[in-house]
Amino acid sequence: MNWLTLNKTAFFAVVGVVALQAKMQAQVLSVDDYKKKWTDANELILSDKSSYDIFIEDKKLRIIRDNYYESIILSENGILNNQESFSYSELVKLREYDAFSIVSDKGKERKIKVTQSNEKLSRSSSIFHDGVKERQLIFPNLQKGARKVYNVQTEFVDPYLLQSFVFGNSLPMVNSTLEVRTDKDINIGYRVFNDPTNSITFAKTEKKGKWIYTWTLTDVKAIKFESNNPGFRHVVPHIDVFVKDYVSSGAKIDVLDDTNKLYTYYKSFLKNLNKTENADLKALSNEITTGASNDEEKVKKIFYWVKDNIKYIAFENGYEGFIPREASLVYERKFGDCKDMANLISSMSAYAGIKGVSVCWIGTREIPYSYKELSTPAVDNHMIAVFKDNGKYTFLDATDRETRFGIPTSFIQGKEALVSNGEQYEIVEVPIVASDDNGTVEKIRLTLDKDKLLGSATVDYSGFSRSHYLSQIGDASGKMRFDLIKSLVLKGNNKFNLKDFKEANIGDRDKPYKVDYTFDLADYAIPVDKEIYVSLFLDQMFDKVTMEPDRVSAFEFDFLTSYKGEFTLELPKDTSVKFLPPNFKLDNSLLSVDCKYVSKPTEVSLIVNIKLKKMLLQKADFDLWNDTVKQLKDAYSQTLILASK
């Protein structure tokens, strides 16, 4: 199984590669020999090779990639993985492929050709993943010791769109190699990521008038898939190769190397857009913005109209994956992808006489590069609109229906945006939205009925908390909506019983999403003789979020958040507080926590304030995080004791 498919990121890559004509180059040992070293592996990749041939033909740059992949089954469980796949598209055209199993037959090796395969569209939301198709291969007659082999040859239509080579997989690998062969009048660049110990060996040689660049990594451990990882590009060693320039007919032709060249490439996709005025769209734009007091209010109205009336659908084919469709077409169809929505917002703003609204390219958080580190299309996989007003930037991503005006979508926080401004561009960093702007505020009044807790509550969700939960609930109704609300407000234990609820502000993005609800919680209070034991920590944030000692990747939260809760228990008649737990306070670089008990003659309250301060926990943060959670759990375990008077 290709580890890349396990990641939340939709990534177009063929893992494993070399020339279609190549013979199997790895010396194949016995299963027992491999098992001595790879004791826990059910399958081992022997060879994962990719080679690019970059040359000039008929005054044009041609790029052909050959892929070679070979693995060996090491156990009976390994037989279950009888599928592999590779990808291609209109811009990375499939030329030919071959695939077969190699099995032992009476002491001799026998090739059995793959005859079962199917093609399907690969799921992708990136503007640079253009109509990607995936070919699935079913390998026959697998047994312990059998090998899976496939060869693939593709050709890149566009020299700007070379792809990363990844030295990693969910399976361990004996050898992983990238080779690039170029004519001498072709100048390439490359960037190596996630190789702090320089384990990838590199060589540049000359052969038959060509430069040959080779990167190799051997004895590669299996990639461990871990929850809340920020994306494989943050962890796995990989290389991005790009063509810097080449000489054709005596003239030097620039391709990529810096942000100026990248922007020149991007803006070529915008030059012919929206040349013809659409009277209906112009009239609508002016109608929507009528009565708005300033440009910000106008942009906000347009932004919300696009969110409410244009359905987000990711669909690309060839260069349609890069070029926004005409604003008038998106308006008429009432659907589009991210770049279509961005172009529509920009066009409607122009029709309404608003200056400072343009489109921009941006990478989501799963992509770790800055434009300084890598100025190629690999740095971006999304497109939005931006409103600049007196030096203030508002990021307008209509693909998330629920996000309010004034904050970006959560998955582009902290990223660089390449903002278009005609012939010029700006690089602007998207802010990280503060914890309190994504807060949850909850007030609960509680009474006791023997061992049962009865509650009446109201809770408000703001910012990303609001959009996150409303996106999950969607248009669900009836019992399904009831169950979703129940899981949202769940308290205490699995005996939580939601009795009824009422929602407010569902359609008003500028107000917190509000839920009023009542509930009961059986077997929660513990009566012992003349005493009652009860915990007021009905919500225990982060108590199950701990970092395992062998965790490799960073741990990413979707967004910063805060929780402000007030739990007030009415004291039963003829009881008083015998033991009030101590207050608890903690403040470090990751979390701030303030829990305070307040006792009055007829009631006792717990006031909780918790704030997440860091969105991406690195390995250096893990010990502090685990210690913080341990202290939190100790506070959560404290119990209020009531006694009969």
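Everything quoted here is computed from the prediction, not taken from an experiment.

Asker: Pulling in residues and values, what's your account of the overall build of the protein chain?
Answerer: Summing up its helical and strand segments, the protein chain has 9 helices and 36 strands in all. When the 645 residues of the protein chain are sorted by exposure, 53% land in the buried category. Relative to all contacts within the protein chain whose residues are 6 or more apart in sequence, the contacts with residues 24 or more apart total 73%.

Asker: Talk me through the sheet that holds strand β2 (residues 60-73); I want residue IDs and the actual numbers.
Answerer: Within a sheet, neighbouring strands are paired by backbone hydrogen bonds and run either parallel or antiparallel to one another. With respect to topology, 8 strands assemble into an open sheet ordered β5-β4-β8-β2-β1-β10-β13-β12, the strand pairing being mixed. Of all strands in the sheet, those with a lone pairing partner are β5 (108-113) and β12 (201-207), marking the two edges. If you compare each strand with its neighbour and ignore which way they point, the axes differ by 15° on average.

Asker: Describe the sheet that holds strand β20 (residues 392-396), with residues and values.
Answerer: Taking strand neighbours across the sheet as the criterion, the 5 strands line up as β20-β19-β18-β21-β22 in an open arrangement whose pairing is antiparallel. The open sheet has two free edges, formed respectively by β20 and β22 (424-429), since each of these has just one partner strand. With strand direction ignored, the average angle separating the axes of adjacent strands in the sheet is 35°. Bridge count between strand β18 (residues 357-362) and strand β19 (residues 382-389): 6 bridges; the pairing is antiparallel. Bridging across to β19, Ile362 finds its partner in His382.

Asker: Could you give an account of the state of the cysteines, naming the residues involved and the relevant values?
Answerer: Evaluated as defined, the whole model comprises 0 disulfides. As a non-bridged cysteine, Cys360 has Cys338 as the owner of its nearest cysteine sulfur, 10 Å distant. Judged by its relative accessible area of 0%, Cys360 falls in the buried class.

Asker: How would you sum up the confidence of the model for the protein chain? Please name residues and give values.
Answerer: Taken over all residues, the pLDDT of the protein chain has a mean of 92, while the share at 70 or more is 93%. Scored below 50 in pLDDT, residues 1-25 makes 97 contacts in the model with residues more than four places away or belonging to other chains. Residue range residues 125-129 is modelled with pLDDT below 50. Its contacts to residues more than four positions away, or to other chains, number 27 contacts.

Asker: Break down the packing of helix α3 (residues 279-289) against helix α6 (residues 338-351) for me, citing the residues and quoting the values.
Answerer: One can describe the packing of α3 onto α6 by two numbers: an axis separation of 8 Å at closest approach and a directional angle of 75°. In this view, α3 runs roughly perpendicular relative to α6, as classed from their interaxial angle. On α6, the residues touching Leu281, Lys282, Leu284, Ser285, Asn286 and Ile288 of α3 are Leu344, Met348 and Tyr351. When grouped by side-chain class, the residues that make up the contact of α3 with α6 number 6 nonpolar, 2 polar and 1 charged.

Asker: Help me get a handle on the environment of Lys372, residues and values and all.
Answerer: With respect to the element layout, Lys372 can be found in the loop between β18 and β19. For Lys372, a relative accessible area of 82% gives the class exposed. Residues Lys372 and Val235, 137 residues apart in the sequence, show an inter-C-alpha distance of 19 Å.

Asker: Describe the pairing of strand β28 (residues 531-534), with residues and values.
Answerer: Relative to β28, strand β27 (residues 526-528) runs antiparallel, the two sharing 3 bridges. Paired with Pro527 across the strands is Ile532, a residue of β28. Hairpin connection, β27 to β28: the antiparallel pair is bridged by 2 residues, and Asp529 has positive phi, about 55°.

Asker: I'd like a rundown of the layout of surface pockets, residues and numbers included.
Answerer: The volume enclosed by the largest pocket comes to roughly 1,200 Å³. Forming the walls of the largest pocket are 38 residues, and the residues nearest its centre are Tyr469, Leu488, Asp539, Met541 and Phe542. Broken down by secondary-structure element, the contributors of at least two residues to the lining of the largest pocket are β23 (440-449), β24 (452-461), α7 (463-473), α8 (478-489), β29 (555-556) and β30 (562-570). Take the lining of the largest pocket: its biggest share by element is 5 residues, from α7. Residue classes in the lining of the largest pocket are distributed as 19 nonpolar, 12 polar and 7 charged.

Asker: Would you mind going over a nonpolar patch on the surface in detail, with residue names and values included?
Answerer: Together, Tyr190, Val192 and Phe202 give the surface a local cluster of nonpolar side chains, amounting to about 240 Å² of exposed area. Mapped onto the elements of the fold, Phe202 is located in strand β12.

Asker: Pulling in residues and values, what's your account of unusual backbone geometry?
Answerer: Positioned with a positive phi, Asp58 is a non-glycine residue whose angle comes to about 55°. Turning to its location among the elements, Asp58 is positioned in the loop between β1 (43-57) and β2. Residue Asp58 is classed as exposed on the basis of its relative accessible area, which comes to 69%. A positive phi is found at Asn141, a non-glycine position, where the angle reads about 55°. Following the sequence through the fold, Asn141 ends up in the loop between β7 (133-138) and β8 (147-156).

Asker: So, the packing of aromatic side chains: which residues are in play, and what are the values?
Answerer: Summed over the entire model, instances satisfying the criterion amount to 31 aromatic pairs. Between Phe202 and Trp215, the ring centres sit 5.1 Å apart and the planes meet at 35°, which makes this aromatic pair tilted. With Phe202 in strand β12 and Trp215 in strand β13 (residues 210-220), this residue pair connects regions lying 13 residues apart in the sequence. A cation sits over an aromatic face here: Lys184 above Trp211, 4.8 Å from the ring centre.

Asker: Please set out the side chain of Thr409 residue by residue, giving values where relevant.
Answerer: Mapped onto the elements of the fold, Thr409 is located in the loop between β20 and β21 (416-421). Judged by its relative accessible area of 1%, Thr409 falls in the buried class.

Asker: Describe the environment of Leu270, naming the residues involved and giving the relevant values.
Answerer: Residue position: Leu270 is located in the loop between α2 (259-267) and α3. Among the residues examined, Leu270 registers a relative accessible area of 18% and is labelled buried. In this structure the C-alpha to C-alpha distance between Leu270 and Asn343, which are 73 residues apart in sequence, comes to 9.3 Å. Excluding residues within four positions of it along the chain, Leu270 makes contact with Pro324, Val359, Trp361, Met383 and Ser420.

Asker: Please provide a residue-by-residue account of the pattern of salt bridges, values included.
Answerer: Applying the stated criterion across every chain yields a total of 47 salt bridges. Arg401 is paired through a salt bridge with Glu402; the nearest N and O atoms lie 3.6 Å apart. Overall, the relative accessible area of 12% leaves Glu402 in the buried class.

Asker: Give a description of the packing of α7 against α8 that names residues and reports values.
Answerer: Pairs of packed helices are described in terms of their axes, by the angle between the two and the distance that separates them. Contact geometry for α7 and α8: axes closest at 10 Å, N-to-C directions at 150°. On the basis of their axis angle, the class for α7 and α8 is roughly antiparallel. As α7 runs across α8, the sense of the crossing is right-handed. Across the interface between the two elements, Tyr469, Gln472 and Ile473 of α7 pack against Arg481, Leu484, Ile485 and Leu488 of α8. When grouped by side-chain class, the residues that make up the contact of α7 with α8 number 5 nonpolar, 1 polar and 1 charged.

Asker: Give me the environment of Ile427: which residues, what numbers.
Answerer: Position of Ile427 among the secondary structure elements: in strand β22. The class of Ile427 is partly exposed, set by a relative accessible area of 39%. Between the alpha carbons of Ile427 and Ile362 there is a distance of 9.8 Å; along the sequence they are 65 residues apart. Those residues in contact with Ile427 that lie beyond four places of it in its chain are Thr259, Tyr371, Glu416, Ala417 and Leu418.

Conventions we followed
Residues numbered from 1 in each chain as written. Predicted model: local features only at pLDDT ≥ 70, side-chain atom pairs only at ≥ 80, totals over all residues. Heavy atoms only, no water. Helix = DSSP H or I, 4+ residues; strand = E, 2+ residues; numbered from the N terminus. Buried < 20%, exposed > 50% of the residue type's maximum accessible area, 1.4 Å probe, protein only. Contact = heavy atoms within 4.5 Å. Pairing = 2+ DSSP bridges. Axes fitted to C-alpha atoms, helices over the stretch in contact; angles between N-to-C directions. Disulfide = S-S within 2.5 Å. pLDDT = per-residue confidence, 0-100. Parallel < 35°, antiparallel > 145°, perpendicular 65-115°, else oblique. Nonpolar A, V, L, I, M, F, W, Y, C, P; charged D, E, K, R; others polar. 1 Å grid on protein atoms, 1.4 Å probe; cavity = no way out; pocket = protein on both sides within 12 Å on 5 of 7 lines; lining within 4 Å. Points joined across faces, edges and corners; volume = space filled by probe spheres on them. Patch = residues over 30% accessible without salt bridge, like charges linked within 9 Å, V, L, I, M, F, W, Y side chains within 5 Å. Areas by Shrake-Rupley, 256 points an atom, 1.4 Å probe, with all protein chains shown as cover. Salt bridge = Lys/Arg side-chain N within 4 Å of Asp/Glu carboxyl O. Phe/Tyr/Trp six-rings, centres within 6.5 Å; stacked < 30°, edge-to-face > 60°. Lys NZ or Arg CZ within 6 Å of the ring centre and 35° of its normal. Left-handed = near helix turned anticlockwise from the far one by under 90°.

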